[in-house]
Amino acid sequence: MTRYVMVADLNRCVGCQTCTASCKHTNATPPGVQWRKVLDVEMGEYPNVERLFMPVGCQHCSDPPCMEVCPSTATGQRKDGIVTIDYDLCIGCSYCAVACPYQARYKVEEARFAYSDGPTENEALRFDERRIGVAQKCTFCSDRVDAGLERGLTPGIDPDATPACANACIANALTFGDLEDRESNVSKLLTENTWFRMHEHLGTDPGFYYLWEEK
């Protein structure tokens, strides 16, 4: 069995937003839509205030509430744990967006581009009309993962089989890999470090882990 997960090292993340920019470039998401974004979090009370940066997005849960409420079965889950959306089945009801405790889903009603005079070359190349009027979210770059596997590459190790955000991270704060493989990069990180998951108490079993050693 395989379960792909993402590990974010909050001790390393510098909040540069390179992962956000890389995701936007790779998927040509419209203005206001960020499948991968970084929260700027302040902790403590003055003058003892700390700051951390927290990458967020679809958590690719093992028990995704978005899938449970979808009336058209557009939201699905692959055997490797990646949560998917079938744009041809989605009816745009937004039930999934309401059910998602991570606010990871978006719905765009019309084509929008970065500039008013039309799409850039990259936006024109990667524009997907099927994403208009339906739910959309992070896919863990499943197209890259699948294409890489067909070439015998290892997701999380070989860049051509790894999500764009993890490839782009300048601080090596994002790591992608197979949680079921005890010798994988993500398994070793979770074994050797203190970690947590967002809203774990909800029982969604999210596939996004955060390394954090509180000082």
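Computed from a prediction, not measured in an experiment: that's the story for all the values here.

**Student:** Residues and numbers for unusual backbone geometry, please.
**Tutor:** Here the amide bond leading from Tyr 46 into Pro 47 is cis, since omega sits at 5 degrees, within 30 degrees of zero. Mapped onto the secondary structure, Pro 47 falls in the loop between β2 (37-45) and β3 (48-56). The phi torsion at Thr 73 lies on the positive side, around 60 degrees, for a residue other than glycine. Relative to the helices and strands, Thr 73 resides in the loop between α2 (65-69) and β4 (75-77). We classify Thr 73 as exposed; its relative accessible area is 58%. Positive phi is not limited to glycine here, since Gln 103 has a value of about 50 degrees. Mapping Gln 103 onto the fold places it in the loop between α3 (95-99) and β6 (106-107).

**Student:** Give me the lowdown on the nonpolar core, citing residues and values where you can.
**Tutor:** With 46 residues, the main nonpolar core has Met 6, Trp 35, Met 54, Leu 174 and Tyr 210 as its most contacted residues. For this core, the element with the highest residue contribution is β3, accounting for four residues. Of all hydrophobic cores here, the second largest spans six residues; its members include Val 5, Val 7, Val 186 and Tyr 209.

**Student:** Run through the pattern of salt bridges, naming residues and quoting values.
**Tutor:** Scanning the model with the defined rule gives nine salt bridges in all. The partner of Arg 78 in a salt bridge is Asp 146, with the nearest N and O atoms 2.8 Å apart. Of this pair, Arg 78 sits in the loop between β4 and β5 (83-85) while Asp 146 sits in helix α5 (residues 142-150), and the two are 68 residues apart along the sequence.

**Student:** Lay out the state of the cysteines in plain terms, naming residues and giving numbers.
**Tutor:** Evaluation of the coordinates by the stated rule reveals zero disulfides. A disulfide-free cysteine, Cys 16 has its sulfur positioned 6.2 Å from the sulfur of Cys 169, the nearest such atom. No disulfide involves Cys 96; its sulfur sits 6.1 Å from that of Cys 90, the nearest cysteine.

**Student:** Describe the packing of aromatic side chains, with residues and values.
**Tutor:** By convention here, two paired aromatic rings are described through the distance between centres and the angle between planes. If you walk through the whole model with that rule in mind, you get six aromatic pairs. Ring geometry for Phe 196 and Tyr 210: centres 5.4 Å apart, planes at 20 degrees, overall stacked. In this pair, Phe 196 sits in strand β9 (residues 195-196) while Tyr 210 sits in strand β10 (residues 208-211), placing the two residues 14 residues apart along the sequence. On the basis of relative accessibility, which here comes to 29%, the residue Phe 196 falls in the partly exposed class. Classification of Tyr 210 by relative accessible area gives buried; the value is 0%.

**Student:** Now, about the sheet that holds strand β1 (residues 4-9): what can you tell me, with residues and values included?
**Tutor:** Spatially, the four strands line up as an open sheet ordered β8-β1-β10-β9, and their pairing is mixed. In this open sheet, the two edge strands, each paired with only one partner strand, are β8 (174-178) and β9. When β1 meets β10, the two strands line up parallel, connected through four bridges. Residue Val 7 lies in a different strand from β10, and its bridge partner there is Tyr 209. Against the sheet, helix α7 (residues 185-192) contacts β1, β8, β9 and β10, and its axis sits at roughly 115 degrees relative to β8.

Quick notes on the rules
- Residues numbered from 1 in each chain as written.
- Predicted model: local features only at pLDDT ≥ 70, side-chain atom pairs only at ≥ 80, totals over all residues.
- Heavy atoms only, no water.
- Helix = DSSP H or I, 4+ residues; strand = E, 2+ residues; numbered from the N terminus.
- Buried < 20%, exposed > 50% of the residue type's maximum accessible area, 1.4 Å probe, protein only.
- Core = buried A, V, L, I, M, F, W, Y, C linked by side-chain atoms within 4.5 Å.
- Salt bridge = Lys/Arg side-chain N within 4 Å of Asp/Glu carboxyl O.
- Disulfide = S-S within 2.5 Å.
- Phe/Tyr/Trp six-rings, centres within 6.5 Å; stacked < 30°, edge-to-face > 60°.
- Pairing = 2+ DSSP bridges.
- Contact = heavy atoms within 4.5 Å.
- Axes fitted to C-alpha atoms, helices over the stretch in contact; angles between N-to-C directions.

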